[in-house]
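# Chains, contacts and geometry: an overview
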Amino acid sequence: MHAGYGLFHEDHHAFRRTVRRFVESEITPHVKAWEDAEEFPRSLFQRCGALGFFGLRAPVSLGGTAAGPLFEAVLHEELGRCGSGGVAAGLAGHVAIALPPILLFGNEAQQQRWVPRAIAGEIVGALAITEPEAGSDVAGIRTRCVRDGDELVIDGAKTYITNGVRADFVVVAVKSEPEAGAGGISMVVVERGTAGFSVGRKLRKLGWHASDTAELVFEGCRVPAANLLGSWNEGFSCILANFVWERLALALGAVAQGELALEKALAYARERRAFGRPVASFQVTRHKLADMALRLEAARQLTYHGLRLYEGGEDAVAVAAMAKRLATENALSICDDALQIHGGAGYMREYEVERYFRDARLGPIGGGTSEIMNEIVARQLGL
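In what follows, the accompanying structure is described. (Residues numbered from 1 in each chain as written. Predicted model: local features only at pLDDT ≥ 70, side-chain atom pairs only at ≥ 80, totals over all residues. Heavy atoms only, no water.)

### A few points about the nonpolar core
Counting 66 residues, the largest nonpolar core has F15, I27, L44, V87, L91, M292 and L307 as its most contacted members. By residue number, the principal contributor to this core is helix α8 (residues 243-271), which donates 13 residues. Discounting chain neighbours no more than four positions away, the residues touching M292 are L262, A265, I334, D337, A338 and I341. If you look at the next biggest cluster of nonpolar residues, it comprises 25 residues, including L62, L127, I141 and M187. (Core = buried A, V, L, I, M, F, W, Y, C linked by side-chain atoms within 4.5 Å. Buried < 20%, exposed > 50% of the residue type's maximum accessible area, 1.4 Å probe, protein only. Helix = DSSP H or I, 4+ residues; strand = E, 2+ residues; numbered from the N terminus. Contact = heavy atoms within 4.5 Å.)

### Section: the environment of V172
By secondary structure assignment, the location of V172 is in strand β4 (residues 169-175). Judged by relative accessible area, V172 falls into the buried class, the value being 0%. Residues V172 and V189, 17 residues apart in the sequence, show an inter-C-alpha distance of 6.0 Å. Aside from chain neighbours lying at most four places away, what touches V172 is A128, K158, S186, M187, V188, V190 and F218.

### Here's the deal with the pattern of salt bridges
Applying the stated criterion to the full structure yields 27 salt bridges. E215 is the salt-bridge partner of R201, the closest N and O atoms lying 3.1 Å from each other. Here E215 lies in strand β7 (residues 213-224) and R201 lies in strand β6 (residues 197-202), a separation of 14 residues in the sequence. Using a relative accessible area of 23% as the deciding quantity, one classes E215 as partly exposed. The salt bridge partner of R295 is D337, with a shortest N-O separation of 2.5 Å. Within this pair, whereas R295 is found in helix α9 (residues 283-311), its partner D337 is found in helix α10 (residues 317-342), the two being separated by 42 residues in sequence. Look at D337 and you get buried, because its relative accessible area is 13%. Among the charged side chains, a network of salt bridges with common partners joins R81, E259, E263, E297 and R300. (Salt bridge = Lys/Arg side-chain N within 4 Å of Asp/Glu carboxyl O.)

### A look at the packing of α9 against α10
At a minimum axis separation of 9 Å, α9 and α10 run at an interaxial angle of 160°. With respect to α10, the element α9 is oriented roughly antiparallel. Every pair of crossing elements has a handedness; the one defined by α9 and α10 is left-handed. For the pair α9 and α10, contact is made by K288, L289, M292, R295, L296, A298, A299, L302, T303, H305, G306 and L309 and by V319, M322, A323, L326, A327, N330, S333, I334, D337, A338 and I341, respectively. In the contact of α9 with α10, the residues fall into 15 nonpolar, 5 polar and 3 charged. (Axes fitted to C-alpha atoms, helices over the stretch in contact; angles between N-to-C directions. Parallel < 35°, antiparallel > 145°, perpendicular 65-115°, else oblique. Left-handed = near helix turned anticlockwise from the far one by under 90°. Nonpolar A, V, L, I, M, F, W, Y, C, P; charged D, E, K, R; others polar.)

### Thoughts on the pairing of strand β2 (residues 144-148)
Judged from the 5 bridges that link them, β2 and strand β3 (residues 151-162) form a sheet pairing that is antiparallel. Looking at β3, one finds that C145 is bridged to I154. Hairpin connection, β2 to β3: the antiparallel pair is bridged by 2 residues, and G149 has positive phi, about 65°. (Pairing = 2+ DSSP bridges.)

### Some words on the side chain of T285
Mapped onto the elements of the fold, T285 is located in helix α9. Apart from the residues lying within four places of it in its own chain, the contact partners of T285 are A269, V279 and A280.

### Looking at the packing of aromatic side chains
Within this structure, the stated rule accounts for 10 aromatic pairs. Summarising the aromatic geometry, the rings of F22 and F53 are spaced 5.4 Å apart at their centres and angled 70° between planes, so their arrangement reads as edge-to-face. Pair noted here: F22 is in helix α1 (residues 10-27) and F53 is in the loop between α3 (43-50) and α4 (69-79), with a separation of 31 residues, a long-range link. Overall, the relative accessible area of 4% leaves F22 in the buried class. Each member of the aromatic cluster is reached from another via a ring pair, and the members are F15, F22, F53 and F71. If you follow R16 out to its NZ or CZ, it ends over the ring of F8, 5.2 Å from the centre. It is R277 that lies over the ring of F282; its NZ or CZ is 3.9 Å from the centre. (Phe/Tyr/Trp six-rings, centres within 6.5 Å; stacked < 30°, edge-to-face > 60°. Lys NZ or Arg CZ within 6 Å of the ring centre and 35° of its normal.)

### Notes on the state of the cysteines
Enumeration over the complete set of coordinates arrives at 0 disulfides. Here C48 is not disulfide-linked; the sulfur of C82 is the nearest cysteine sulfur, at 10 Å. On the basis of relative accessible area, C48 is assigned to the buried category, the value being 2%. C238 carries a free sulfur, and the closest cysteine sulfur to it, the one in C145, is 14 Å from it. You can call C238 buried: its relative accessible area is 3%. (Disulfide = S-S within 2.5 Å.)

### Let's talk about helix α12 (residues 370-380)
Of all the positions in α12, only S370, M373, I376 and V377 are classed as buried. For α12, the angular spread of buried residues about the axis comes to 115°, placing them on one side. Opposite the buried face of α12, at more than 90 degrees from it, the exposed residues are E371 and R379. Where α12 is buried, its residues meet α8 and α10. One or two residues past the end of α12 sits G382, with phi positive at roughly 85°. (Arc of directions from axis to C-beta.)

### Some details on the environment of D337
Residues D337 and L326 lie 11 residues apart in sequence; the distance between their C-alpha atoms is 16 Å. A polar contact of 3.5 Å, which involves the side chain of D337, links it to the side chain of K288. (Polar contact = N/O pair within 3.5 Å; in protein donor to acceptor, adjacent residues only side chain to side chain.)

Just distances and angles here, no functional claims.
Shown next as structure tokens:
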């Protein structure tokens, strides 16, 4: 384990050891079976809840520990080492993406209704923004919401929604003022079993096989007006509020992904022999491994810089975007190099590096593409 670069203290290191033991004993041994089944057991949410993993940034009054973002950062790093991007994504999607809008914008009644059970892992959450015709262009969503007395009526569709199949509650971005662009978006919580709300289908993907990814359908879906998060037409602010943390979480997971792939490549290069000597003794291999280590460290340092800014309450918008892009792109290239070092063996399903490569490919797309990260940085530069 790395020393923490002055960012983490002994309590964080102790927590890291706890999470790593959990991952190594209760997740990694089952990854292959869960990947083949294309889902991991729902009980894993409950287990993480029982261990206190889902309430690290939540107040004690809601069942959390208020330990702070650095502890959750440790969680995302260690989950990223489990060997399955799908498992890590499903758990992180619940705690780092679905829960924050309710914690940040929910009123007391809403928080008491959903947060304690979500922290305990009793209910699973999802965030639904992306639509068939609106991905990076959040302001272009078409899922419509209108008021009807004490109810809100939702019509539309969402896609690529992590945890969408099994979610007990979904925080949904809706168009509440069609002509107002980003200023006409609201956020509404829709619960499983609500009339007019259904899962269209479970999507099959290149990677993240163990994570359920869904299309969601809303047809005259009626929810109580009390399910509105924050104010009417102020949903875009709700979405933006968690983007920095979401991108840092994705970067942290990508750094862990790259670290795991480098470790596997190092071990294989030392064991594998070619032309009568270890592959690791060839200059081309040694230099490739050194370059992989360089890319990993560059991504880690930039991500940790963003984490320092976020923890200190400073503006981390640009750095988080930079870190998300660098970490996910570097993880993909590191996983690609790890597969190359494994040669033909790396292409086979029984070698984990082929899964690392497939899982890493989503990194530069999900949570905002690399191109969108560049646009964010350009805007921060005043361009």
